[in-house]
Amino acid sequence: MPDECRAGLHASWIRAGFNRNAAPVVFPANFQLPFPLPADTLAMSQVPRHRMNPSSSIPSTSLRPVEVEPRLVRSPSDLRQTDKFDVRGKHVYMIGIGGCGMSGLARLLASRGASVSGSDMAPGKETRQLQDLGIEVLFDQKAGLLPPQCDLVVASAAIKPDHPEWQAALRRDIPIKLYAQALGGCMLGRTGIAIAGTHGKSTTTALLGCMLVDADLEPSVIVGATCKQLWQGCLQTPAGAQGSGFRFGKPAIPTGPLAGKPGILVAEACEYERSFHNFRPLMACITSVEADHLDVYGSLDAVIESFRQFASLIPAESEGGYLLIGHDGAHRREVASGLPCLVETIGHNPQADWVVEYEPATRHVTLISRSAKGFSGQIAQWQMQIPGAHNALNAATAMVLALRAGGDVSALAQSASHFRGIDRRSQLIGEVMVESGGLPVRVYDDYGHHPTEIEVTLRALREFEGPQDRGGRLICVFQPHQHSRTRHLLNEFASAFDEADVVLLPDIYFVRDSIEDKLAVSSADLVRLLMQRGKAARHIAEFAQIVAELRAAARPGDLIVVMGAGPVWKVAYEYCGVI
């Protein structure tokens, strides 16, 4: 998942009112943007968050946060495939440039001929890499100083309208776009492929990017996680390569049946705050649709409707529009019925258009076309490096999209068989010896923070590692992410740890929630439900205490899985002595 969907994102944006009769703003003769701009300054007024009833699992009112469409006359949903996003020769300033998605977008904009600079709160790996490329990055955001020549400001979704640099742009009448709006604009004039769904977005995006690289299709890719194989593909990446969440490809597809068509741009499409409504893909997938981000949506029905709106952005089949959607678990009938694009389903279900068979013991995957257009019978076979039926499905989804983009099936299967995963997704951190001559404790880190993600990941790791076969236990350290998610899905969380023998929970990671939400639920509530189900569970508030507990109680042969979207990864690294 991209940084725009992570901790710290604000949940209320202001929809601007526009004076459509105002005279246009006068810019230099050589200045172009894809949207006409209003002359009046936008009035910003805060829309209150909905209040939550602590005893209820849904919001007590239908009010929800509203997205900003900063300084645009028309809604992003009015964008057409024929529109253009021309930044060549323009200066683009990016607020929050060091985020995983924003840093990738900065390079993408620079590759399109823009002069790019930006700011962030503090130096980091991404900002250093940008500086090495000649992109100026500042770290004093409080001064609100924008470059003298500035044609467009792009703000990370973590940036609020009261940010000093946002306010400086308003005072100077500089147009502002959010990350998703700018990335959606970059899809215009490209062969855009968007990866959406409640689960599996980052892994599927990275897989697809690597497969397309290995098939010599030279894609541009933006994924919200680090993948060591993304830049050179799974077949050519040397040992010790640095990870990246971005890859820059060619402006035209160089080979295959789509040779000469606009270059491929693969992007992870996050549903938080409906940001994926800004994307303009030619092809897309929806891996799954479940209740999540209920602080934004309020109900599963609203989530389904949002995915329906995203799917409706895909062009008609006659224009190359294509949607691949999960046969099960994606509400495919509500989301995809009646769409003008070609729609196909994928899943382990034998009734799907694309059927995925998986053998857990060997991690062997077979992709079969039952009724997919232009394909018939067994299409490909490969063996996964990473465990789990869910990862087999992610790889098969990427395989189908790569085939539709013109990839050679043998190259794609080889690529899939060499994919080693992405950071923080079932990532082996190390081994710790706890007894001389005994078996080591193996330690994994994982980003999972939704009940379904927890369940499938723990099952996959138990199958893959088999701690029970070497006299060990599966110990899960899980940090709940966001109080409202924990409260809405409390019972689902309680049933998600059946594969774990021991569950240790620190305090809930506080992000975006109201104080009312924070007071309504705690990690102790989840521990109580886990204990009622017969699970050995404890609430240990601080990370340092958890590390101490693991060092005192871990046994030879144990498997430790540290999970959560917050900073709980530190537990795995500290226990292994990496930090």
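What counts, and at which threshold
- Residues numbered from 1 in each chain as written.
- Predicted model: local features only at pLDDT ≥ 70, side-chain atom pairs only at ≥ 80, totals over all residues.
- Heavy atoms only, no water.
- Axes fitted to C-alpha atoms, helices over the stretch in contact; angles between N-to-C directions.
- Helix = DSSP H or I, 4+ residues; strand = E, 2+ residues; numbered from the N terminus.
- Parallel < 35°, antiparallel > 145°, perpendicular 65-115°, else oblique.
- Left-handed = near helix turned anticlockwise from the far one by under 90°.
- Contact = heavy atoms within 4.5 Å.
- Nonpolar A, V, L, I, M, F, W, Y, C, P; charged D, E, K, R; others polar.
- Salt bridge = Lys/Arg side-chain N within 4 Å of Asp/Glu carboxyl O.
- Buried < 20%, exposed > 50% of the residue type's maximum accessible area, 1.4 Å probe, protein only.
- Pairing = 2+ DSSP bridges.
- Core = buried A, V, L, I, M, F, W, Y, C linked by side-chain atoms within 4.5 Å.
- pLDDT = per-residue confidence, 0-100.
- Right-handed = clockwise from strand over helix to strand, strands pointing away.
- Phe/Tyr/Trp six-rings, centres within 6.5 Å; stacked < 30°, edge-to-face > 60°.
- Lys NZ or Arg CZ within 6 Å of the ring centre and 35° of its normal.

## What about the packing of helix α5 (residues 201-214) against helix α10 (residues 409-417)?
- One way to put it is that α5 packs onto α10 with a least axis distance of 8 Å and a crossing angle of 130°. It follows from the interaxial angle that α5 and α10 lie oblique. Our pair here, α5 against α10, has a crossing hand that is right-handed. Taken together, the residues of α10 that come into contact with α5 (itself represented by C210, M211 and D214) are A411, L412, S415 and A416.
- Classifying every residue of the contact of α5 with α10 by side-chain character gives 5 nonpolar, 1 polar and 1 charged.

## Observations regarding the pattern of salt bridges
- Enumeration over the complete set of coordinates arrives at 19 salt bridges.
- Between R107 and E126 there is a salt bridge, with the nearest N and O atoms lying 3.3 Å from each other. One end of the pair, R107, is in helix α1 (residues 100-111); the other, E126, is in helix α2 (residues 125-132), with 19 residues separating them in the sequence.
- For E126, a relative accessible area of 13% gives the class buried.
- Through salt bridges with shared partners, a single network forms among E431, R442, E465 and R470.

## Side note on the sheet that holds strand β4 (residues 152-155)
- Pairing within the open sheet is parallel, and its 5 strands lie in the order β3-β2-β1-β4-β5. Of all strands in the sheet, those with a lone pairing partner are β3 (136-138) and β5 (176-178), marking the two edges. When the angles between neighbouring strand axes are averaged without regard to direction, this sheet yields 25°.
- Taken together, the 5 bridges between strand β1 (residues 91-95) and strand β2 (residues 115-119) define a ladder with parallel strand orientation. Note that in β2 the partner of H91 across the bridge is S115.
- Sitting on the sheet, α1 touches β1, β2 and β4, and the angle it makes with β1 is about 175°.

## Focus: the sheet that holds strand β16 (residues 427-432)
- Pairing is mixed across the open sheet formed by 6 strands, whose spatial order is β16-β17-β21-β18-β19-β20. On the outer flanks of this sheet lie β16 and β20 (536-539), each paired with one strand and no other. Ignoring which end each strand starts from, the neighbouring axes of this sheet average 20° apart.
- Where β16 meets strand β17 (residues 441-446), 5 bridges bridge the pair, whose relative direction is antiparallel.

## Topic: the nonpolar core
- The biggest cluster of nonpolar side chains holds 55 residues, and the ones touching the most others in it are M94, L105, L109, L183, I286 and L323.
- Grouped together as the second largest cluster of nonpolar side chains are 51 residues, L208, C234, V356 and Y358 included.

## Observations concerning the confidence of the model for the protein
- Per-residue pLDDT for the protein averages 85, and the proportion of residues at 70 or more is 85%.
- Here residues 1-78 is a poorly scored stretch, pLDDT under 50, and it has 192 contacts once near neighbours within four places are set aside; other chains count.

## Quick look at the pairing of strand β13 (residues 354-359)
- Pairing of strand β12 (residues 342-347) with β13, which is carried by 2 bridges, proceeds in the parallel orientation. Opposite G347, over in β13, you have V355 as the bridge partner.
- Pairing between β13 and strand β14 (residues 364-369): 6 bridges, direction antiparallel. The residue of β14 that forms the bridge with V355 is I368.
- Between β13 and β14, which pair antiparallel in sequence order, lie 4 residues; one of them, R363, sits at a positive phi of approximately 60°.

## Some points on the pairing of β1
- Across the 5 residues that make up β1, a large majority, 5, are buried.
- Note on the crossover from β1 through α1 to β2: the handedness is right-handed.
- Relative to β4, β1 runs parallel, the two sharing 4 bridges. Bridging from a neighbouring strand, I95 pairs with A155 of β4.

## A few points about the packing of aromatic side chains
- With the rule as written, the count across this model stands at 7 aromatic pairs.
- Summarising the aromatic geometry, the rings of F276 and F310 are spaced 4.7 Å apart at their centres and angled 5° between planes, so their arrangement reads as stacked. Taken together, the residues span a long stretch of sequence, with F276 in the loop between β9 (264-268) and β10 (283-286) and F310 in helix α7 (residues 300-311) at a distance of 34 residues.
- Look at F276 and you get buried, because its relative accessible area is 0%.
- Judged by its relative accessible area of 0%, F310 falls in the buried class.
- Summarising the aromatic geometry, the rings of F478 and F493 are spaced 5.7 Å apart at their centres and angled 35° between planes, so their arrangement reads as tilted. Of this pair, F478 sits in strand β18 (residues 474-478) while F493 sits in helix α13 (residues 490-494), and the two are 15 residues apart along the sequence. With respect to burial, F478 and F493 carry one shared label: buried.
- The ring of W231 has R247 lying over it, and the distance from NZ or CZ to the ring centre is 5.8 Å.

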